[in-house]
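The primary structure of each chain is shown beneath.
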Amino acid sequence: MLFRSLAALSQVASVSWINMADKFPGFATAIYVYARSLSAILGTATVYFIYLTGRQIWNKRTGLFSAAFLSVSMGFVGVNHLAKYISFVNFLIVVVIFLCVKFLDRNSRRGIFLSAFFLSGYAASTNPNALILIFILGATFILKLYNEREEFKYQWRTVFLGALIYLAGAVLATPSLITHFDNYVALFVEKLQPKLQIE
């Protein structure tokens, strides 16, 4: 049942956007306006989470300065006024960084860190650039471990569970990782092959 649904979803996703826009111009316009609006909303939310992160790390003034600086950055504005998926990826990256900073608090809950793992997996599956979040998660874990040595076993269990949740986020974002896993392996091998050849 699941694989049949994924196959149907894959067939729908393979429809050319240009053909659809040509046959249904009203629908295409509505989708485009919706997508641009969503990019703008995600950009605004990204600025807000930058503010929260700056405030969490230092103080309110730092958060406001960080948010103001980002909101007038030409590249950031350029991306977020168009219908681009990178707005979503940027939002997820900033939320993960905020969650990691929040997790470093003494009285933080484990769910905050596990949420960061899930969103990291989702972001990395959407855009490979978000794989850098693995290093941020690792650094957060090391800092937490250093600050709270007495909970060593508890923290390692959190990382193991987080790795599983990371994979769940990746699969949720790209279900074809399950249905066409061999294609992804072949793609990665093909990309790495020139680098692996000995000259």
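Structure's up top.
Definitions and cut-offs
Residues numbered from 1 in each chain as written. Predicted model: local features only at pLDDT ≥ 70, side-chain atom pairs only at ≥ 80, totals over all residues. Heavy atoms only, no water. Axes fitted to C-alpha atoms, helices over the stretch in contact; angles between N-to-C directions. Helix = DSSP H or I, 4+ residues; strand = E, 2+ residues; numbered from the N terminus. Parallel < 35°, antiparallel > 145°, perpendicular 65-115°, else oblique. Left-handed = near helix turned anticlockwise from the far one by under 90°. Contact = heavy atoms within 4.5 Å. Phe/Tyr/Trp six-rings, centres within 6.5 Å; stacked < 30°, edge-to-face > 60°. Buried < 20%, exposed > 50% of the residue type's maximum accessible area, 1.4 Å probe, protein only. Lys NZ or Arg CZ within 6 Å of the ring centre and 35° of its normal. Core = buried A, V, L, I, M, F, W, Y, C linked by side-chain atoms within 4.5 Å. Expected span 1.5 Å × (residues − 1).

## Structural notes on the packing of helix α3 (residues 25-57) against helix α4 (residues 60-71)
Phase 1: Following both chains from N to C, one finds α3 and α4 inclined at 150°, their axes separated by 7 Å at the closest point. Taken as axis vectors, α3 and α4 run roughly antiparallel relative to one another. For the crossing formed where α3 meets α4, the hand is right-handed. When α3 is examined against α4, the residues Thr46, Val47, Ile50, Tyr51, Gly54 and Arg55 are found in contact with a partner set consisting of Lys60, Thr62, Gly63, Leu64, Ser66, Ala67, Leu70 and Ser71.

## A closer look at the packing of aromatic side chains
Phase 1: Throughout the structure, instances matching the rule amount to nine aromatic pairs.
Phase 2: Between Tyr48 and Phe49 the ring centres are 5.9 Å apart and the planes differ by 75°, which places this aromatic pair in the edge-to-face class.
Phase 3: Residue classification places Tyr48 among the partly exposed residues on the basis of a relative accessible area of 47%.
Phase 4: Aromatic pair Phe65 and Phe69: ring centres 6.1 Å apart, planes at 20°, arrangement stacked. Taken together, the residues Phe65 and Phe69, both in helix α4 and four residues apart, mark about one turn of the helix.
Phase 5: Here Phe65 falls in the exposed class, since its relative accessible area comes to 59%.
Phase 6: For the cation-ring pair, Lys144 lies above Phe103, with the distance from its terminal atom to the ring centre recorded as 4.6 Å.

## Thoughts on the nonpolar core
Phase 1: Among the nonpolar cores identified, the biggest contains 29 residues, and Phe49, Phe113, Ala130 and Leu137 are the most heavily contacted of them.
Phase 2: Contributions of two or more residues to this core are made by α3, α6 (86-103), α7 (110-126) and α8 (133-147).
Phase 3: Take this core: its biggest share by element is eleven residues, from α6.
Phase 4: Those residues in contact with Phe49, other than ones at most four positions away along the chain, are Phe91, Val94, Val95 and Phe98.

## Topic: the side chain of Thr158
Phase 1: Of note, Thr158 is situated in helix α9 (residues 152-173).
Phase 2: Given a relative accessible area of 0%, Thr158 falls into the buried group.
Phase 3: Leave out the neighbours within four places in its chain, and Thr158 touches Arg110, Phe113 and Leu114.

## A few points about α3
Phase 1: Taking 1.5 Å of rise per residue, 33 residues should cover 48 Å, and α3 covers 48 Å from first to last C-alpha, within 8% of that figure.
Phase 2: Listed in full, the buried residues belonging to α3 are Ala28, Ser39, Leu42, Gly43, Thr46, Val47, Phe49, Tyr51, Leu52, Thr53 and Gly54.

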